[in-house]
Each structure stands twice: as structure tokens, then as C-alpha cells.
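# Inside the fold
The residues making up each chain are set out below.
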Amino acid sequence: MLLLASLIGFVLISCSTIGIVFGQPGWIIGVTAGTAVELLNIFLLYKGSEVTLKYFKSYLFLLMYFSRMVLLIAGLLVFVMLQYYFNVEFFTNSFWGFLIGIAPMTIIVIVVMALSGKSPIDIAEKKEEK
């Protein structure tokens, strides 16, 4: 799933380079940051499930979940503040680029898990059985 998300992130970053042509580098900055945050979120999703099953401590799953949410909210707040509050021209449209960077990969996680009939918990359990 990380490989698929990385591939789609690369395509999105490549497409967002057109913003540089129009003098708006905020698009590529936002998409790159959104892609990085979402890749880290996917990694934390699997690691959180794996660690929880390994040590049977539910607070570890909650810790991973809240760290994922804090990462998303912090990214959104940073780009909102840079674009709208501080009105930094270099970051014009970076908030929208960030949303573009994170949205497709969330859809990927949902679709891949629905099609394969798997969940992160099932994947972690099968890994431990081997």
C-alpha cells in the first residue's frame, strides 16, 4: 500500500509542478507536504496495529491514532496560517495543495482494504504467524 501511495504521490507532485510555471510554487509545496504526511499516516496505521497486537496494549493503538490525527491537523493549520493568516505569497494555494496531497491516499487505503477484504489487524496477525 505504501508503494501504491508513493506512486500516486509522485504523479501528484509531478502534476503540481505546473504551478511553478504560473508563479504559484505553493501548489507543489502543499502537495509534497500532503503526500509526506499521508505516507507517514499509512505507516503509522500499520505499525500501530502491529504493535498493539504484539504487546496487547490498546493504549498503543490510541497513541498511534492520535499521533496520526495530530500530524494531519498540524499540517492543515500550518498551511492555513501561512496562506491566509500571515498571507505569505510564496505559499499561495499551499493549503489546497496539502488537501490534494492527502485526499487520494486516504481513498487508496479504503479501496485497497475493501477490495482485499483485509484490515490492518488481519495483516499484522498474519505477519506474526509466519
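Presented here is an overview of the structure given in this document. Because the structure is predicted, anything quoted here is derived from the model rather than measured. (Residues numbered from 1 in each chain as written. Predicted model: local features only at pLDDT ≥ 70, side-chain atom pairs only at ≥ 80, totals over all residues. Heavy atoms only, no water.)

Take the overall build of the protein next. In terms of helices and strands, the protein carries six helices and zero strands. Its helices and strands taken in sequence order, the protein reads α-α-α-α-α-α from the N to the C terminus. Dimensions of the protein, computed from the C-alpha atoms along their principal axes, are close to 55 × 25 × 20 Å. By the burial criterion, 34% of the 130 residues in the protein qualify as buried. Contacts in the protein between residues far apart in sequence, at least 24 positions, make up 66% of those at least 6 positions apart. Carbon together with sulfur atoms contributes 76% to the accessible area of the protein, which is approximately 8,100 Å² in total. In the protein, 8 side chains carry a positive charge and 7 a negative one; their mean positions are 6 Å apart. (Helix = DSSP H or I, 4+ residues; strand = E, 2+ residues; numbered from the N terminus. Buried < 20%, exposed > 50% of the residue type's maximum accessible area, 1.4 Å probe, protein only. Contact = heavy atoms within 4.5 Å. Areas by Shrake-Rupley, 256 points an atom, 1.4 Å probe, with all protein chains shown as cover. Lys, Arg positive; Asp, Glu negative; His and termini not counted. Charge placed at Lys NZ, Arg CZ, Asp CG, Glu CD.)

Across all of its chains, the model carries one salt bridge by this definition. Here Glu 50 ties to Lys 47 by a salt bridge, and the two come within 3.5 Å at their closest N and O atoms. Taken as a pair, Glu 50 and Lys 47 lie in helix H3 (residues 26-55) at a separation of three residues, close to a single helical turn. (Salt bridge = Lys/Arg side-chain N within 4 Å of Asp/Glu carboxyl O.)

We now examine unusual backbone geometry. The residue Phe 56 is not glycine, and still its phi comes out positive at about 55°. In this fold, Phe 56 is placed in the loop between H3 and helix H4 (58-85). Given a relative accessible area of 71%, Phe 56 falls into the exposed group. One non-glycine residue, Asn 87, lies in the positive phi region at around 55°. Position of Asn 87 among the secondary structure elements: in the loop between H4 and helix H5 (94-116). Look at Asn 87 and you get exposed, because its relative accessible area is 60%.

One broad trend across soluble globular proteins is that nonpolar side chains are buried collectively. Ala 5, Ile 42, Leu 45, Tyr 46, Met 105, Ile 108, Val 109 and Met 113 together form the largest nonpolar core, which totals eight residues. Every element with two or more residues in this core is listed here: H3 and H5. Examining the composition of this core, we find that four residues originate from one element, H5, more than from any other. In this structure, Leu 72, Phe 79, Phe 98 and Ile 102 belong to the second largest nonpolar core, which totals seven residues. (Core = buried A, V, L, I, M, F, W, Y, C linked by side-chain atoms within 4.5 Å.)

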